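Chain residues, written in single-letter form:
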Amino acid sequence: MDAHDAPAASTSAQTPPPPPASPAHSTSAPAHALPTTHFYSIEYPGYVQPSAPSLAAALHTLGGQARIDRAFRRGAPKEDALLELSLRPDDPFAHPLPGDLVPTHNLLLRVVKRRRRDGAQGEYVAAAAGIVPKTTRFRSMADFQYRPPQDDPLARLRRAMTDLDVDGIRAYHLPAEKEDYTAAAGPDPSAMDVDIDPALQLPAEPAAQSAQEEARSALRLFPPPIFSRQGIPQNYNFKANPMSVVADADKRRLINKARWKGFGPTSIAFAERGVPARAPPHVEEVRAQYDPALVARLEELFRTRPVWTRAALLNQFSPAQAREIHNSKVVLPLTCYVFGDGPWRDTMVRFGYDPRADPQARFYQKLYFRNLNHPIGRARDDRRCVLAHLDGATLSSETAAFQLCDITDPMLKRMIEEEEDVRENCNERDGWFSSHALERIKTVLRHKFFALLEGYVATEDECLKLLDQQDGVRAARPFARRPRPGKHNMAKGAMPAEDAAALRLRATLERNAAMNRGLREPTAEGA
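Rules and cut-offs
Residues numbered from 1 in each chain as written. Predicted model: local features only at pLDDT ≥ 70, side-chain atom pairs only at ≥ 80, totals over all residues. Heavy atoms only, no water. Pairing = 2+ DSSP bridges. Helix = DSSP H or I, 4+ residues; strand = E, 2+ residues; numbered from the N terminus. Contact = heavy atoms within 4.5 Å. Axes fitted to C-alpha atoms, helices over the stretch in contact; angles between N-to-C directions. Phe/Tyr/Trp six-rings, centres within 6.5 Å; stacked < 30°, edge-to-face > 60°. Lys NZ or Arg CZ within 6 Å of the ring centre and 35° of its normal. Patch = residues over 30% accessible without salt bridge, like charges linked within 9 Å, V, L, I, M, F, W, Y side chains within 5 Å. Areas by Shrake-Rupley, 256 points an atom, 1.4 Å probe, with all protein chains shown as cover. Salt bridge = Lys/Arg side-chain N within 4 Å of Asp/Glu carboxyl O. Core = buried A, V, L, I, M, F, W, Y, C linked by side-chain atoms within 4.5 Å. Buried < 20%, exposed > 50% of the residue type's maximum accessible area, 1.4 Å probe, protein only.

A. The arrangement of the sheet that holds strand E12 (residues 348–350) in detail. Strand order in the open sheet formed by four strands is E9-E11-E12-E10, and the pairing between neighbours is mixed. Edge strands, defined here as strands with exactly one partner in the open sheet, are strand E9 (266–268) and strand E10 (307–308). Sheet analysis places E9 next to strand E11 (residues 336–339), joined by three bridges and oriented parallel. Residue pairing for E11: Ser267 is matched across the bridge by Val338. Contacts between helix H8 (residues 292–304) and the sheet are confined to E10, E11 and E12, with E12 contributing the most and set at about 85° to the helix.

B. Main features of the packing of aromatic side chains. For the coordinates displayed, the defined rule picks out eight aromatic pairs. When the ring of Phe339 is compared with that of Trp344, the centres are 6.4 Å apart and the planes differ by 40°; the resulting orientation is tilted. Among the aromatic residues, those joined into a cluster by ring pairs are Tyr337, Phe339, Trp344 and Phe351. In this arrangement the basic side chain of Arg305 is found over the ring face of Trp308, its NZ or CZ atom lying 4.3 Å from the centre.

C. Structural detail: the sheet that holds strand E2 (residues 83–85). The strand order E1-E4-E3-E2 describes an open sheet built from four strands, whose pairing is mixed. On the outer flanks of this sheet lie strand E1 (38–43) and E2, each paired with one strand and no other. Sheet twist, expressed as the mean angle between neighbouring strand axes with direction ignored, is 55°. Against the sheet, helix H3 (residues 65–72) engages E1, E2, strand E3 (97–114) and strand E4 (123–137), with an angle of about 115° to E1.

D. Just the side chain of Thr136, in detail. For Thr136, the position within the fold is in strand E4. Setting aside residues up to four positions removed in sequence, Thr136 forms contacts with Ser41, Ile42, Glu43, Phe72, Leu83, Gly99, Asp100 and Leu101.

E. Spotlight on a nonpolar patch on the surface. On the surface, Leu34, Leu107, Leu109, Val111 and Tyr124 cluster together to form a nonpolar patch covering roughly 550 Å² of accessible area. In terms of residue count, the dominant contributor to the nonpolar patch is E3 (three residues). The topology assignment puts Leu34 in the loop between helix H1 (2–14) and E1.

F. Focus on the nonpolar core. In this structure, Leu298, Leu313, Ile325, Leu332, Trp344 and Met348 are the most contacted members of the largest nonpolar core, which totals 35 residues. Looking at this core, the element that brings in the most residues is H8, giving five residues. Formed by 18 residues, the second largest nonpolar core is a distinct cluster that contains Leu404, Phe433, Ile441 and Leu445.

Here you go:
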């Protein structure tokens, strides 16, 4: 074994070691600084020539430079980060190609070719110009295109809306619907002038071709205003609810028997006509499950007084009965309904009684103020709700919510019972009182209530002086307390819907008039 090992050892000894690499013959690539300039890329599915008209036409199909800037803006919302390409950008009915904005880590290279004068092969020099962090790609296929008749009234309306043509919008009218949905033979005016490779066209059958020449469809089929970006249908994999049963075999109507049915007083808006006459059917179904004596007691209280606040109503029962009414969630819906807005907002009203038709219901209107110093805490079960009434001398509750019938203060009682300021028709904001009378009642009630919170009794002279100051301010500034168009509850100072729309229209017209004056003034000076 030693004889065989010797030649191997001598052979390895005769092989010279590799020479060290010199700096001039290094095999590593040179290092260059990465530029910090950012560029954005659009993989345009078309041929763009290196000329200004071709580039302008390509930008026009993408929505313009401003639309591209919004899509690539850092922190742009999702609706702005969508870029669409329209092959017919001037046609509002064209179906665009959706583009996907994806993050990339590409480099933009600037390649320069240097030519030699002796005709030898030149050399190319490449340098990194910047980073491409975002790229828009159009990978989906073009969908079916729609071209409705351009002389149709709906097509003219769409063009007028795009051009902001007021006369064209006002001239639109609904055409009479015709029962004939076929047109005479001839060239289709809505057909697009597109050259199609003859190899891609399928040979038409003689029977179908003759039928097409005889008549064509005249249906006014317009494309939707927005197309879905989902090009491939998804597997819905519908599964029926196992708790659903068939209620009507003929109509295949399903009902979920396990659905939770909420119980609460029926709520209506002030603008709705009529009032509920009885409890909803799903509430009547469980009437037998609750104490009939408790329901009968509630019905008797609503016969004596048709409108109650929740606190005043629960104070008519013992603590155990009030707790049962609160926990049952069904006893109150069996006897009353509530208003969601207006002067009787959040009050319990007897079934069949409409306070909007009875001027005596003004005494049941509810006034409330915000008390920021009132501590928010959960009441104990053994403590009853305190009835909010005001006699002007004692503080019954820190909650500033009152019904006018519960106010016993002499000055306020005279103002409430005054019949000269009663309206002929009920108003959503002020109820049966005039605006001036209700504002005076609110002013005195607010001053007396917060004076009791501070620990003293407000005198009648203080209230009269406050009313005189309020009348003086109102005379100097008749629109100092303008309604707020952004609110929805008129009892809290909201503006009626028609008045809010008129206010917005007036502001728009004034703004447009100011802009037109600003555009005409430089022209007049130049002339």
